[in-house]
Amino acid sequence: MATESGSERGSIISIRNGGLSSMDSMESHRWVFQDEEDEDGSEIDLDDSNFNNHNDVDSEDEDSLYQKLIRTGPRIDSFGVEALEVPGAQRSDYEDAGFGKTIFLACQTLGVVFGDVGTSPIYTFSVIFSRAPINGDEDIIGALSLVLYTLILVPLIKYILIVLLANDDGEGGTVALYSLICRHAKVSLLPNQLASDTRISSFRLKVPSAELERSLKIKEYLETSLALKKLVLVLVLAGTSMVIADGVVTPAMSVISAVRGLKVGVPTVEQDHVVMISVAYLIILFSVQKYGTSKVGLVIGPALFIWFCSLGGIGIYNLMTHDSSVVKAFNPIHIYHYFKRKPYEAWYSLGGCLLCATGSEAMFADLCYFPVRTIQITFVFLVLPCLMLGYMGQAAYLLDNSGDPTQAFFSSIPDSAFWPVFLIANIAALIASRTMTTATFSCIKQSTALGCFPRLKIVHTSRKFMGQIYIPAINWFLMASAVLLVCTIASTNEIGNAYGIAELGVMMMTTFLVILVMLLIWQINIIIVILFALIFLGLELTFLSSVLHGIGDGSWIILVFGIVTFLMMYIWNYGSKLRYETEVKKKMSMDVLRGLGCNLGTVRAPGIGLLYNELVKGVPAIFGHFLTTLPAVHSMIIFVCIKHVPVPVVPQNERFLFRRVCSKSYHIFRCIARYGYKDKGKESHQLFEQLLIESLEKFIRREAQERSLESDGDDDDSDFEEDPSQVIVGPNGSVYFGVNEADRLSIAISEASTSQEPEKDGPASSDLEHSLESELAFLHRAKESGVVYLLGHGDIRARKDSWFIKKLVINYFYAFMRKNCTRGTATLNAPNTNLIQVAMTYMV
């Protein structure tokens, strides 16, 4: 073992159904890949830059895998942990929900998911007829037909029936789609992926089959083309930036449209009064946001149920009272006649027609709060029928009356029910504003976890349901932006156009990503993919041409807002990637660490030092800075990397991965703490320390168990013939758990062909037990002495010879965001009394 004292050692341990299924650990050998071109073989290590070339192995080719591997020195660790199905791994917060819980969720769904699309009847016809004035009854029927089929095509067919199915284990939104794609193809620009990430139980990876060459070719193009990787990232960032822009314009549009109804009930009300009341509503709305989705959703869910019932009831009343012939609008020929009579006005009115589908993206982004089936059933059987009845009722009223078409909804309300419906409409408008705000929170949290947005304080508002969050900084920023928008653009037509720009931006990015999901992951017929692309991209581009035509009337503000947000996210992603790559290049050499000896050239004081860094491979350069700066270091050092993997949830028993750095006498370990983007990710420091040390103790015991089993296997090869559910030790020392009869022959053949019988130089069982107890006692003594957090801040600055743009981006924009985002101490929840910080600056 002396020859390996300066290297990181480990083995691969696999866990299936709660038990160990395959373990490869030897005293003198370990598996490495052998290139077909190189008969001598080449070792692929986690610290090797080419590791990712070999970290995806198709489970169907396990037999051939054995023939492609050769044996070399041991590597005992848990970095290769595989847990495809772990009992108790929570897939969803809402699995196996009973009838009562389903009703509870449906009630919350109305208040959280459908508020935006539910309030669209308040302003859709108003914007349509302000763009295309009514010249006859056929114009009303044509506009109604256009609205009905937009509802059928966009919210129903595209989102409810197709896009919601592209969820990432219950998560929705553009970032969740990106996460889903990243798991099936290496398109992430941040080079911190590990093979073990693909073996988290919630990963659910489905590798494209060999028969579907199209999927394999797309995967290959994505992984080898830097331009395609950047294109996918740009689509995701553009979609996310428009979601944030949508979070600004939705409250403004919903609230001011609802308050404008006062002009119908009280003709003396002026526009300035509407603006002031809207501002007051917005302040109240964002002030109660901190109480969370579960609490507020339960209160406003019944309110929105009453709203939908009122919408449907008023529609039925108007159909029976005024003109029921509007049902002929279900014939799409009226859309053709509408465009034939007045092509320019009809095309321009598409920007208003789009507003009936606003909130479709919110249904997808808010998917993390509720199960897909609940959203689908609620929309099909309650939301959609009530919306259609509401629009048909307004059209029936306009056919029978010559009222103000720009106030079609409030004018169509019966006089006796006006004020109750006005009150409910204002409540529904506030709910709609919350819908998009919660979607924005969810999207930003996902973006932060994947390195696309600066870290911000995130408050989890529910102890029971994971994923319900509140981001104070974003909440107040959205409030200020919405108030500013209402005060500067008071016209619903102009705000509606801005609304359309934001909504279409998100819709189009989602369409592109879903097409990629269809090709890469779903692997469906290419004809279906082409039809989906032609229908929905064609429809959205047509809508986009209409809203862009009116961009000069003030709605350009929201487009500028989206562009600024996009640039901020791209700069953050670029700076984070550059900083990580620099830290990888500057990492400390193992030869230097080995040359310092087990005392590391300094005094080893009792205790555990948790050195936080972002590297998943190698010894961080900041550790050398600690050695030269501090008078002593702790007797046990653990390099801790908080790593966000592209899955919603990492089960607690798969949270920590360990590897020993150097020999046992160094008492140095590497730990990767993995979190999904839906995980809370902020335990108290006491709980985090307890979980980490318990996991480390299990790792040390498992390491000793492996070596003991290897020793037993060397003494008695007859273990290979025992029951397949028991431990099996191969001819040259490999240990396998739970293999079946079919695997026995593969193991015997592969090991016979790859290596000779190793020499039996392992320590005796008593020596192993003594070594184990000694190390565990050392761990407990270090724990009793205390845990100290060593936090290294690595900042970057552009070199003097860099381009001006790079200096501007890195030295000012990125540095400003790094300075003002949540620092590592807040993210780690580390106590200040146990914290030591050291900063380093890298020139890039």
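Look a little higher up for the structure.
Trainee: Give a description of the overall build of the protein that names residues and reports values.
Mentor: Helix and strand content of the protein: 28 helices and 15 strands. Of all 844 residues assigned to the protein, the portion counted as buried reaches 59%. Long-range contacts, defined as pairs at least 24 residues apart, comprise 83% of the intrachain contacts of the protein with a sequence gap of at least 6. Accessible area for the protein stands at about 33200 Å²; split by element, carbon and sulfur atoms hold 60% of it.

Trainee: Please give an account of the sheet that holds strand 15 (residues 835–843) that cites residues and values.
Mentor: If you walk across this open sheet you meet the 6 strands as 10-11-9-8-14-15, and the pairing is mixed. Both outer strands of the open sheet, strand 10 (656–661) and strand 15, are each paired with one neighbouring strand and no more. Each neighbouring strand pair of the sheet contributes to a mean axis angle of 25°, computed without reference to strand direction. Looking at chain direction, strand 8 (residues 603–612) and strand 14 (residues 787–797) are connected through 5 bridges and run parallel. When the sheet's bridge partners are listed, Leu611 is paired in strand 14 with Leu790. In the packing of helix 21 (residues 556–585) onto the sheet, the strands contacted are strand 14 and strand 15, and the crossing angle to strand 14 comes to about 110°.

Trainee: Account for the packing of aromatic side chains, with residues named and values stated.
Mentor: Summed over the entire model, instances satisfying the criterion amount to 26 aromatic pairs. Considering the side-chain rings of Phe409 and Phe410, the 5.1 Å spacing of their centres and the 75° angle between planes classify their relative orientation as edge-to-face. As far as the burial class goes, Phe409 and Phe410 line up, both buried. Three or more aromatic residues link up through ring pairs in this structure, and these residues are Tyr612, Phe656, Phe658, Phe669, Phe688, Phe699 and Tyr789. A cation over a ring is seen here: Arg131 above Tyr348, with NZ or CZ 4.5 Å from the ring centre.

Trainee: Pulling in residues and values, what's your account of a nonpolar patch on the surface?
Mentor: A surface patch of nonpolar side chains, about 550 Å² in accessible area, is lined by Ile526, Ile527, Ile530, Leu531, Leu534 and Ile535. A residue is classified by how much of its surface remains accessible, and Ile535, at 44% relative accessible area, is partly exposed.

Trainee: Any details on the pairing of strand 9 (residues 632–644)? Residues and values, ideally.
Mentor: Buried residues dominate strand 9, accounting for 10 of its 13 residues. Two strands pair when backbone bridges link them, and strand 9 and strand 11 (residues 668–675) are joined in this way by 8 bridges, in the parallel orientation. Among the inter-strand pairings, Ile638 is bridged to a residue of strand 11, identified as Phe669.

Trainee: Explain the state of the cysteines to me, using residue names and the numbers behind them.
Mentor: Here is the idea: a disulfide is a covalent bond, and it sits between the sulfur atoms of two cysteines. As enumerated under the stated definition, the model contains 0 disulfides in all. Cysteine Cys386 remains unbridged, with the sulfur of Cys309 as its closest cysteine sulfur at 5.9 Å. Cysteine Cys443 remains unbridged, with the sulfur of Cys452 as its closest cysteine sulfur at 9.9 Å. Under the relative-accessibility criterion, Cys443 is labelled buried at 4%.

Trainee: Could you give me a rundown of helix 18 (residues 472–488), with the residues and numbers involved?
Mentor: In this model helix 18 runs 24 Å from its N-terminal to its C-terminal C-alpha over 17 residues, within 8% of the 24 Å that 1.5 Å per residue would give. When helix 18 is considered as a whole, its buried residues turn out to be Pro472, Ile474, Asn475, Leu478, Met479, Ser481, Ala482, Val483, Leu485 and Val486. Each element contacted by the buried residues of helix 18 is listed here: helix 8 (226–259), helix 10 (271–287), helix 17 (418–449), strand 6 (459–460), strand 7 (469–470) and helix 21.

Trainee: Help me get a handle on helix 5 (residues 137–160), residues and values and all.
Mentor: Its 24 residues give helix 5 an end-to-end C-alpha distance of 32 Å, which sits within 8% of 34 Å, the value for a rise of 1.5 Å per residue. The element helix 5 is extensively covered by neighbouring structure, given that 18 of its 24 residues are classed as buried.

Trainee: Tell me about the side chain of Ser254, and please be specific about residues and values.
Mentor: By the element assignment, Ser254 lies in helix 8. Beyond its immediate sequence surroundings of up to four residues, Ser254 is in contact with Thr119, Tyr123, Ala429, Ala432 and Ser433.

Trainee: Outline the nonpolar core, supporting the account with residue identities and numerical values.
Mentor: Of all hydrophobic cores here, the largest spans 164 residues; its most connected members are Phe114, Phe125, Leu144, Trp307, Phe308, Val326 and Phe409. If you tally residues by element for this core, the top one is helix 19 (residues 492–522), at 19 residues. Counting residues in hydrophobic clusters, the runner-up holds 35 residues, among them Met590, Cys662, Ile668 and Val788.

Trainee: Now, about the environment of Gly265: what can you tell me, with residues and values included?
Mentor: Locating Gly265 in the fold gives a position in helix 9 (residues 262–265). Considering only alpha carbons, one finds Gly265 and Phe422, 157 residues apart in sequence, at a separation of 9.0 Å. The contact partners of Gly265, leaving out residues within four places of it in the chain, are Phe418 and Trp419.

Trainee: How would you sum up the pattern of salt bridges? Please name residues and give values.
Mentor: Counted by the stated rule, this structure contains 14 salt bridges. The salt bridge involving Glu703 is made with Arg660; its shortest N-O contact spans 2.5 Å. Remark: Arg660 occurs in strand 10 and Glu703 occurs in helix 24 (residues 685–715); sequence separation between them is 43 residues. Each member of the pair Glu703 and Arg660 is classed as buried.

Trainee: Quick rundown of the packing of helix 4 (residues 124–131) against helix 5? Include the residues and the values.
Mentor: In contact at an axis separation of 12 Å, helix 4 and helix 5 are set at 130° when each is read in the N-to-C sense. On the basis of the axis angle, helix 4 is oblique to helix 5. Crossing of helix 4 over helix 5 shows right-handed handedness. Between helix 4 and helix 5, the residues in contact are Thr124, Phe125, Ile128 and Phe129 and Asp139, Ile140, Ala143, Leu144 and Val147, respectively.

Trainee: Can you break down the packing of helix 5 against helix 15 (residues 372–400) residue by residue, with the values?
Mentor: At their nearest, the axes of helix 5 and helix 15 sit 10 Å apart, and the two run at 170° to each other. Taken as axis vectors, helix 5 and helix 15 run roughly antiparallel relative to one another. Between helix 5, through Asp137, Ile140, Ile141, Leu144, Val147, Leu148, Leu151, Ile152, Pro155, Leu156 and Ile160, and helix 15, the contact on the second element is made entirely by Ile375, Gln376, Phe379, Val380, Leu384, Leu387, Met388, Tyr391, Met392, Ala395, Leu398 and Leu399.

Trainee: Now, about the side chain of Asp116: what can you tell me, with residues and values included?
Mentor: Along the chain, Asp116 falls in helix 3 (residues 115–118). In this structure, Asp116 is in contact with Tyr123, Thr250, Thr358, Gly359, Ala432, Thr435, Met436 and Tyr499, ignoring residues within four places of it in sequence.

Trainee: Describe unusual backbone geometry, with residues and values.
Mentor: Here Gln523, not a glycine, exhibits a phi torsion of approximately 55°, which is positive. With respect to the secondary-structure elements, Gln523 resides in the loop between helix 19 and helix 20 (526–549). Take Gln523: its relative accessible area is 12%, and that puts it in the buried class. Phi at Cys662 is positive, roughly 65°, even though this residue is not glycine. With respect to the secondary-structure elements, Cys662 resides in the loop between strand 10 and strand 11. Overall, the relative accessible area of 0% leaves Cys662 in the buried class.

Trainee: Tell me about the environment of Leu776, and please be specific about residues and values.
Mentor: Inspection of the secondary structure assignment puts Leu776 in helix 26 (residues 765–785). The exposure class of Leu776 is buried, given its relative accessible area of 2%. Taking the C-alpha atoms as reference points, Leu776 and Ile700, 76 residues apart in sequence, are found 7.8 Å from one another. Ignoring anything within four residues of it in the chain, the contact list for Leu776 reads Glu697, Ile700 and Arg701.

Trainee: Could you give me a rundown of the environment of Asn497, with the residues and numbers involved?
Mentor: Along the chain, Asn497 turns up in helix 19. The exposure class of Asn497 is buried, given its relative accessible area of 0%. Along the chain, Asn497 and Val249 lie 248 residues apart, while their C-alpha atoms are 10.0 Å from each other. Setting aside residues up to four positions removed in sequence, Asn497 forms contacts with Arg131, Val547, Gly550, Ile551, Asp553 and Ser555. One polar contact links the side chain of Asn497 to the main-chain carbonyl oxygen of Gly550, over a distance of 3.2 Å.

Scoring rules and cut-offs
- Residues numbered from 1 in each chain as written.
- Predicted model: local features only at pLDDT ≥ 70, side-chain atom pairs only at ≥ 80, totals over all residues.
- Heavy atoms only, no water.
- Helix = DSSP H or I, 4+ residues; strand = E, 2+ residues; numbered from the N terminus.
- Buried < 20%, exposed > 50% of the residue type's maximum accessible area, 1.4 Å probe, protein only.
- Contact = heavy atoms within 4.5 Å.
- Areas by Shrake-Rupley, 256 points an atom, 1.4 Å probe, with all protein chains shown as cover.
- Pairing = 2+ DSSP bridges.
- Axes fitted to C-alpha atoms, helices over the stretch in contact; angles between N-to-C directions.
- Phe/Tyr/Trp six-rings, centres within 6.5 Å; stacked < 30°, edge-to-face > 60°.
- Lys NZ or Arg CZ within 6 Å of the ring centre and 35° of its normal.
- Patch = residues over 30% accessible without salt bridge, like charges linked within 9 Å, V, L, I, M, F, W, Y side chains within 5 Å.
- Salt bridge = Lys/Arg side-chain N within 4 Å of Asp/Glu carboxyl O.
- Disulfide = S-S within 2.5 Å.
- Expected span 1.5 Å × (residues − 1).
- Core = buried A, V, L, I, M, F, W, Y, C linked by side-chain atoms within 4.5 Å.
- Parallel < 35°, antiparallel > 145°, perpendicular 65-115°, else oblique.
- Left-handed = near helix turned anticlockwise from the far one by under 90°.
- Polar contact = N/O pair within 3.5 Å; in protein donor to acceptor, adjacent residues only side chain to side chain.

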